[in-house]
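Listed below, chain by chain, are the residues.
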Amino acid sequence: MEYESSMYLSPLTVILVAFIFGLWIKTSKSKGKNTDAPGPRGWPVIGNLLQLGKKPHETLTRLRRTYGDVYAIKMGSRETIVLNGLQTIRAALVKRAEDFAGRPDFYSFKFIANGNSMGFGDYGPRWKMHRRLAQNALAMFINKKNNPIEESICQEANVLANNLLQNGNNPIDPHTEIYLSVGSIICAICFGQRYKRDDPDFLHLVKMNDEFMAFAGAGNPVDIMPWMRHLTRRSFNTFLGILDSMNQFCNKKRQEHLDTYDPFYTRDVTDCLIQAVDETPNEEKEAVGLTDEHILTTVQELIGAGFDTIASTLQWCILYMMTNPQIQEMVHEEIRANVGLLRSPELDDMEKLPFTEACLLEAIRISCIFPFALPHSTTRDTQFQGYFIPDKTLVFVNMWSVSHDETIFSEPKKFDPYRFLTIEGEIDRTKLDNFLPFGAGRRKCPGEQLAKMEMFLFFATLMQRLKISQVSGDNVIVDSKYGLTLKPINFRSIVTKRI
Ligand code: HEM
């Protein structure tokens, strides 16, 4: 009798069983949409997050040895493809450009530039138009034929050298001075005005930048598990505060520009963007969903992107020069012999300074400030190197695996500028194709030309005028802090005058 009653299924049980079965079918169907790329097992809910450690780029580069160039990890419950190695990354970003050109719908991205960002926005017709307008605006001031900003950079590089000398024989952490100088240049490009170092708005902008980059690193739990923001409310609110201050700073400048705008005289990138709003037909903008707000907000991301990147790289340059004094002497000697000490280095001097350029390239390679570029996402179901990757899969492009690939760069952790030189001492241009500091394909950095020019002029001027030495007794640690960009751990130097 008991047996019979246990066999009896109430209507409720039937509904429940049907529901669970339905769910199971749904889940197994969606499982069919998962990638079949190999990868390490993760924990429920958090996936592989804890395994990433303090240096996710190094951990994910090590995993390449076990799982190959294309493997999957779980960021929370979110499946993520990691692309490793020069050939594989090129094959994805260049040969399969559209498939990998998306950006993920990260929680924090919704707040950047009020959700109007081009760099953090997803791929599609709107992004294409936005990117074109942003590139055109930048190209007005930095292009192959004409660099109206070169003179300002040379002047600012000399201001930086003077300021670094202010401490006499006392140690100085060059961080803030570098950020102020580089910030001044991007503000000159965007707002037509180099800032005074004690301008409170400007100082605030510099401070906000550091906090923003620390928050926005790849692998941020809030982006993977948005509910985490309730647990990390304070830091998330700080993040929103930073974005808000940035908005206010740029809106103030925008208004000043709108009030004084003259269509016949373009002063800066903000004017270019106002012009783009006026000149792009409304039907074209509406057809792709690009608003005037999108266009005008572009200035915010150019400031964000054009500031921290160059300043961090220059910090790395100084650190490597300080810890490699013989190389530093050789750079100075090259500049002394080919430019002299009576005038500042200019862009046209670059070809006469291959050793200087090689040191800059090596600093860019070894520091690899964007270890995962910006996070990518697939824009459709795709088959790549034998693996199925569904639409909207989060993709980490592991740049570190390229710049620290020992099959391309022997002893990758060693600072060795000779790897970029031929036996005759010229820059070996073939080597430049061996790493991708500015990314590749559709999302390639639009600021590459400005960045190269600015880094060269600042670096060469500093090396011409200054000697950077270690503080005796300091234990200098050449290592990075992890964030969206890799910055050196703070260090101090003694800066002395050469000229
Ligand atoms: C050392 C200097 C710099 C480095 C190493 C660098 C590197 C990069 C990298 C790796 C990306 C991501 C590519 C990807 O997602 O695949 C990127 C994107 C970007 N960069 Fe740069 N960058 C530098 C300077 C600049 C400057 C000076 C600007 C502008 C003034 C700039 C503007 C941007 C923008 C707007 C994006 C987003 C592009 C998009 O999503 O379409 N960058 N950069």
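Anything mentioned here points back to the structure above.
The notes below deal with the structure included here.

Cut-offs applied
Residues numbered from 1 in each chain as written. Predicted model: local features only at pLDDT ≥ 70, side-chain atom pairs only at ≥ 80, totals over all residues. Heavy atoms only, no water. 1 Å grid on protein atoms, 1.4 Å probe; cavity = no way out; pocket = protein on both sides within 12 Å on 5 of 7 lines; lining within 4 Å. Points joined across faces, edges and corners; volume = space filled by probe spheres on them. Helix = DSSP H or I, 4+ residues; strand = E, 2+ residues; numbered from the N terminus. Nonpolar A, V, L, I, M, F, W, Y, C, P; charged D, E, K, R; others polar. Salt bridge = Lys/Arg side-chain N within 4 Å of Asp/Glu carboxyl O. Buried < 20%, exposed > 50% of the residue type's maximum accessible area, 1.4 Å probe, protein only. Contact = heavy atoms within 4.5 Å. Near = heavy atom within 4 Å. Polar contact = N/O pair within 3.5 Å; in protein donor to acceptor, adjacent residues only side chain to side chain.

### What to know about empty space enclosed by the protein
- The final tally for this structure, using the stated rule, is four cavities of 30 Å³ or more.
- Of the volumes computed, that of the second largest cavity is approximately 60 Å³.
- Here the lining of the second largest cavity takes three residues from helix H5 (residues 125-139), the largest share from any one element.

### Some remarks on the layout of surface pockets
- Quantified by volume, the largest pocket comes out at close to 960 Å³.
- Together, 29 residues line the largest pocket, and Met 350, Glu 357, Arg 429, Glu 448 and Lys 452 are the ones closest to its centre.
- Counting only elements with at least two residues in the lining of the largest pocket, the list comes to helix H15 (354-367) and helix H17 (448-465).
- Considering the residues around the second largest pocket, the lining is formed by 13 residues, among which Thr 61, Arg 62, Arg 65, His 404 and Glu 406 are closest to the centre.
- Going through the elements one at a time, helix H3 (56-67) and helix H16 (400-403) are the ones with two or more residues in the lining of the second largest pocket.
- A total of five residues in the lining of the second largest pocket trace back to one element, the largest contributor, which is H3.
- Of the residues belonging to the lining of the second largest pocket, the class tally is two nonpolar, four polar and seven charged.

### Thoughts on the pattern of salt bridges
- The full count for this structure, using the stated rule, is 30 salt bridges.
- With a closest N to O distance of 2.8 Å, Asp 292 and Lys 285 form a salt bridge.
- Residue classification places Asp 292 among the partly exposed positions, given a relative accessible area of 33%.
- A residue is classified by how much of its surface remains accessible, and Lys 285, at 3% relative accessible area, is buried.
- Asp 428 is the salt-bridge partner of Lys 431, the closest N and O atoms lying 3.5 Å from each other.
- Here Lys 431 falls in the partly exposed class, since its relative accessible area comes to 27%.

### Describing the side chain of Glu 362
- Relative to the elements of secondary structure, Glu 362 occurs in helix H15.
- By relative accessible area, Glu 362 is classed as buried at 0%.
- Non-local contacts of Glu 362, meaning those with residues more than four positions away in its chain, are made with Lys 414, Phe 415, Asp 416, Pro 417, Arg 419 and Phe 420.

### Description of the site of the ligand
- The environment of the ligand is formed by 27 residues, the closest being Arg 103, Arg 131, His 376, Arg 443 and Cys 445.
- Take His 376: an N or O atom from its side chain is 2.7 Å from an oxygen atom of the ligand.
- When residues of the shell around the ligand are traced back to their parent elements, those giving at least two are H5, helix H13 (292-323) and H17.
- Among the elements that take part in the shell around the ligand, H13 stands out by supplying six residues, more than any other.
- Residue composition of the shell around the ligand, by class: 17 nonpolar, seven polar and three charged.

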